[in-house]
Amino acid sequence: MSVPAVLPAPAADEPLLTPEEERYYLASQWQLIWWRLRRHRLAMGSFWFLLGLYGIIPFVEFLSPYALRTRHPDYVYFPPQRVRFFHEGAFQGPFVYGHTMTVNMDTLKREYREDRSQIYRVRFVTRGEAYAMWGLWPMDLHLVGVDEGGTLFLLGTDRLGRDMLSRIIHGARISLTIGLVGITVSFVLALVFGGLSGYYGGMLDIAIQRLIEVIRSFPELPLWMALSAALPARWDPLLIYFGITIILGVIEWTGLARSVRGKLLALREEDFATAAQLMGASPPYIIRRHLLPSFTSHLIVSGTLSIPHMILGETALSFLGLGLRAPITSWGVLLSEAQNINAVALYPWLMLPVVMVVLTVLAFNFLGDGLRDAADPYA
Amino acid sequence: MLRYSIQRLLLMIPTLLLISIVTFVIIELPPGDYLETLVSELQATGERADLQKIEFLRKQYGLDQPVAVRYWVWVTGLLEGDLGYSFEYDRPVSEIIGERLMLTFVVSFAAVVFTWVVAFPIGVYSATHQYSWGDHGLTFLGFLGLATPNFLLALVLMFISFSWFGVSVGGLFSPDMEEAPWGWAKVADLLTHLWIPVVVIGTSGTAGMIRRLRANLLDELRKQYVVTARAKGLSPGRLLVKYPLRIAVNPFVSDIGNLLPQVISGAIIVSIVLSLPTTGPMLLRALRTQDMYLAGSFLMLLALLTVVGVFLSDLALAALDPRIRQGAGGTR
């Protein structure tokens, strides 16, 4: 901000700025963005929601009632179970009834009936299946559990009798991080290519712009399909995971690179860039130190808006059987088990992971929208 | 205008060349080739593979040649309209994909039209009624369409139409129409089946379109000339249609470049779920079995569809907006 050379002499008794004004003028750009974002209620709600989601990632074993791969052969395709509080009119605290299973001989569908004589209390922070916390030390504490002999399938079970809630919580780990890793890849690519293109211009710029145009004119899905078909089937699931994130990132970077280029083209003409050049700063230094900071906020906005794209991309790939595969569990992998009309008609709870996908994608979009409004605090 | 069109047309040549290279690299990426897939499949079923025949086939299709030679053969073939030979179907690629490509085009085109028809009124309404309940509600609905994975929406719609209307919606035709020759009856049959894939594919792009039209129109509505026109007593409806809308509608035309790849991607996944006779299922299978010429020519034609679509939208944009026509080489 330019300061007038001659300040009007303030009257002796009245201060130049009110405390609020002073606070505003002294605030950093990031503080201003934060203040603006805070006024955007939908964006803030999404922000806390996402923070909560990402917050559970380290603790999935503790939060999920069962382990990822525990099968309950007696409870296959078990519908979501109701937690009750009153038994025959008397308050009992949270509990579940036991169940008996019969097979309907006409439809061969398993039918479960509540057995009201059996009562199992729902316990909080209770001992359950053993697991290794962060792979380091053994633990058997779970946030919720049920008395010995009872079952607690809040969102039902799948075709092997595995608890859907636990699987959705575990799937969050993969589904949520895939966007972050992917966005890192595409950020790096966008900064390098967009930077080269925008700062140097000329032939290099033309070549890179052509390349971007080519990638953009490919329908993404066939490109994803082709690239992930190229991942060797005998790779370790973890390697496949990184392969998929890199594929998603490699295809996603073009939009970001375009905006980097556009900004750089405009900014390199500014006086401060010329000044830095004359003082002998190297191009990477100028880009990093002088040019990038002035549009980091815009980059963050674009990043936020492309993460949901990647999450949806992963679901689509996994659904086609070209993405992640069991034993890795992501929301896409879970949904690929709900892909026949049977699941929709008979076992609709298998589609529940989609609720998480939709909520996450919506939250990222709303947050990105709010950030876009807030990104330019001087406007 | 003519100069601009020619310029734009010439620009397509290097783009298409690059696309062909990228396509070829992609289909060459997986280790092994179709014949190896074939051998392992034969072995898996317990049959003995005739090594001599395999060797013969390998020579016949030039699979023993270096990559550059194969690329050259493929690309020059493409220029002459020869799309190559499918190993799996044992027929020329052009014979297999002709009708499928046409149907893909029909579905994609319908989806783009759907997106426009839905997004346009909603966008205009949202901008003129900013922050009203209608604006929030419709925007939210648009986002919901964006956030729901296509394949799941397709499944649910399929279930609904089956259980409520009793119509089975797999495919694009009724069973008795499948083999029928083209005629009005068949077109009508196609239309009754078309709506599900079109709705499913269309919803994912609608939100973006609404947002952009709304943002652009809002920018225009805040400008001085709108105030002036209003002060002079122009009726709100006429004012809107005559000035701001004409400027704000640009992205609608130019955005087809972004919309088209998205629509074709959507069409592929939806056609796999609904088992439509379009390119999707066949491309997926071709990629898996490394039926490379089939997959490659498919990818190439889909990309061509996009490039031509973008070209047409650029022309339309130039016709609409003199600023682009006169400024050498438009910017998207």
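Numbers given to residues run from 1 along each chain, matching the order in which its sequence is written. Working convention: letters from A go to chains and numbers from 1 go to ligands, in the order in which they are written. Local features in a predicted model are, by the rule used here, given only for residues with pLDDT of at least 70; side-chain atom pairs are given and counted only at 80 or more, and totals for whole chains, interfaces and linings are based on all residues.

### Quick notes on the overall build of chain A
Thought 1: We count a stretch as a helix when DSSP gives it H or I for four or more residues in a row; a strand needs E for two or more, and each element gets its number in order from the N terminus. When its secondary structure is counted, chain A shows 14 helices and 4 strands.
Thought 2: Relative to the compact-globule value of 21 Å for 379 residues, chain A shows a C-alpha radius of gyration of 27 Å, a clear excess of over 25%.
Thought 3: Considered along the principal axes of its C-alpha atoms, chain A spans approximately 90 × 65 × 40 Å.
Thought 4: Working definition of burial: number of other C-beta atoms within 10 Å of the residue's own, with buried at 20 or more, exposed at 12 or fewer, and partly exposed in between, all C-beta atoms being placed from the backbone. Residue burial in chain A is summarised as follows: out of 379 residues, 37% are buried.
Thought 5: When contacts within chain A are restricted to residue pairs at least 6 apart in sequence, long-range pairs at least 24 apart make up 70% of them. Restricting the calculation to C-alpha atoms gives the radius of gyration, and the globule rule supplies 2.2 Å times the number of residues raised to the power 0.38. Residues are scored as being in contact if the C-beta atoms we place from backbone atoms lie within 7 Å.

### Observations regarding the overall build of chain B
Thought 1: When helices and strands are tallied, chain B shows 16 helices and 2 strands.
Thought 2: If one aligns the C-alpha atoms of chain B with their principal axes, the spans along those axes are about 85 × 55 × 35 Å.
Thought 3: A total of 332 residues make up chain B; the buried ones form 38% of that total.
Thought 4: If you take every contact in chain B between residues at least 6 apart in sequence, the share linking residues at least 24 apart comes to 73%.

### Some points on the interface of chain B and chain A
Thought 1: Each side of the interface is counted separately: chain B has 36 residues, and chain A has 34 residues.
Thought 2: Of all the elements in the fold, those that place two or more residues in the side of chain B that touches chain A are α1 (2-28), α6 (133-147), α7 (150-165), α13 (256-273), α14 (279-289) and α15 (292-320) of chain B.
Thought 3: The biggest single contributor to the side of chain B that touches chain A is α1 of chain B, with 7 residues.
Thought 4: Its residues assigned to classes, the side of chain B that touches chain A shows 31 nonpolar, 4 polar and 1 charged. Gly is put with the polar residues, along with every residue not named as nonpolar or charged; the nonpolar set is Ala, Val, Leu, Ile, Met, Phe, Trp, Tyr, Cys and Pro, and the charged set is Asp, Glu, Lys and Arg.

### What to know about the domain arrangement of chain A
Thought 1: The domain boundaries here were taken from an automatic or database domain assignment. Taken domain by domain, chain A holds domain 1 (81-152) and domain 2 (167-374).
Thought 2: On a C-alpha basis, the centres of domain 1 of chain A and domain 2 of chain A stand 40 Å from each other.

### Notes on α6 of chain B
Thought 1: Each residue after the first adds 1.5 Å to the expected span of a helix. The end-to-end C-alpha distance of α6 of chain B is 21 Å, a good match for the 21 Å that 15 residues give at a rise of 1.5 Å each.
Thought 2: Regarding α6 of chain B, the residues found buried are L138, G142, F143, G145, L146 and A147 of chain B.
Thought 3: Tucked into the core, α6 of chain B has its buried residues touching α14 (353-374) of chain A together with α5 (93-128) and α8 (184-221) of chain B.

### A few points about the packing of helix α5 (residues 164-200) of chain A against helix α6 (residues 202-217) of chain A
Residue and element names in this part refer to chain A.
Thought 1: Contact pair α5 / α6: the axes reach a minimum separation of 7 Å and the direction vectors enclose 140°. Judged by the inter-axis angle, α5 sits oblique to α6. Where α5 crosses over α6, the two elements pack in a sense that is left-handed. Taken together, the residues of α6 that come into contact with α5 (itself represented by F193, L196, S197 and Y200) are G202, L204, D205, I208 and Q209. Axis lines are fitted through C-alpha atoms, for helices just across the contact stretch, and the angle between N-to-C directions can take any value from 0 to 180 degrees. Any angle from 65 to 115 degrees is called roughly perpendicular, while one under 35 is roughly parallel, one over 145 is roughly antiparallel, and all others are oblique. Two helices that cross are described as forming a left-handed crossing if the nearer one is turned anticlockwise from the farther one by less than a right angle, and a right-handed crossing if clockwise.

### Description of α15 of chain B
Thought 1: An ideal rise of 1.5 Å per residue puts 42 Å on 29 residues; α15 of chain B measures up with 42 Å between its terminal C-alpha atoms.
Thought 2: Across the 29 residues that make up α15 of chain B, a large majority, 21, are buried.

### Considerations on unusual backbone geometry
Residue and element names in this part refer to chain A.
Thought 1: Phi at Y77 takes a positive value of approximately 50°, unusual for a residue other than glycine.
Thought 2: Relative to the helices and strands, Y77 is located in the loop between α4 (60-63) and β1 (84-87).
Thought 3: According to the C-beta neighbour criterion, Y77 is partly exposed, with 18 such atoms within 10 Å.

### A short note on the pairing of strand β3 (residues 110-133) of chain A
All names here are of chain A.
Thought 1: Whether two strands pair depends on DSSP finding at least two bridges between them. By the bridge criterion, 9 bridges tie strand β2 (residues 90-103) to β3 in an arrangement that is antiparallel. Residue pairing for β3: V96 is matched across the bridge by Y120.
Thought 2: Pairing of β3 with strand β4 (residues 137-146), which is carried by 8 bridges, proceeds in the antiparallel orientation. Residue pairing in the sheet places R127 in a bridge with L141 of β4.
Thought 3: Between β3 and β4, which follow one another and run antiparallel, lie 3 residues, and W134 among them has a positive phi close to 50°.

### Side note on the sheet that holds β4 of chain A
Residue and element names in this part refer to chain A.
Thought 1: What the 4 strands build is an open sheet, ordered β1-β2-β3-β4; its pairing is antiparallel. Looking at strand neighbours, the two that pair on one side only are β1 and β4, the edges of this open sheet. Here the average twist between neighbouring strands, direction ignored, is 60°.

### A look at the environment of L312 of chain A
Thought 1: Among the structural elements, L312 of chain A can be located in helix α11 (residues 296-319).
Thought 2: For L312 of chain A, a count of 22 C-beta atoms within 10 Å translates into the label buried.
Thought 3: Those residues in contact with L312 of chain A that lie beyond four places of it in its chain are V361 of chain A together with P149 of chain B.

### Section: the confidence of the model for chain B
Residue and element names in this part refer to chain B.
Thought 1: For chain B, the mean per-residue pLDDT works out to 79, and 91% of the residues sit at or above 70.
Thought 2: Summary of the metric used: pLDDT quantifies the predictor's per-residue confidence within the range 0 to 100. By mean pLDDT, the top-scoring element of chain B is helix α9 (residues 224-231) (88), and the lowest-scoring one is helix α16 (residues 322-326) (69).
Thought 3: Listed scores for the predicted complex are pTM 0.80 and ipTM 0.76.

### Thoughts on the pairing of β1 of chain A
All names here are of chain A.
Thought 1: Of the strand pairs in this sheet, β1 and β2 are connected by 3 bridges, and their pairing is antiparallel. Among the inter-strand pairings, R84 is bridged to a residue of β2, identified as F95.
Thought 2: In this antiparallel pair of consecutive strands, β1 and β2, the connection spans 2 residues, and E88 shows a positive phi of 50°.

### Overview of the packing of α6 of chain A against helix α8 (residues 237-267) of chain A
All names here are of chain A.
Thought 1: Following both chains from N to C, one finds α6 and α8 inclined at 130°, their axes separated by 9 Å at the closest point. Relative to α8, the element α6 lies oblique. The way α6 lies across α8 gives a crossing that is left-handed. Contact residues: I212, I215 and R216 in α6; I251, T254, A257 and R258 in α8.
Thought 2: Per-class residue counts for the contact of α6 with α8 are 4 nonpolar, 1 polar and 2 charged.

### A word on the environment of Y125 of chain B
All names here are of chain B.
Thought 1: Structurally, the position occupied by Y125 is in helix α5.
Thought 2: Owing to 16 C-beta atoms within 10 Å, Y125 belongs among the partly exposed residues under this scheme.
Thought 3: Here the alpha-carbon distance between Y125 and L138, two residues 13 residues apart in the chain, equals 9.2 Å.
Thought 4: Beyond its immediate stretch of four places on either side in the chain, Y125 contacts G134 and L138.

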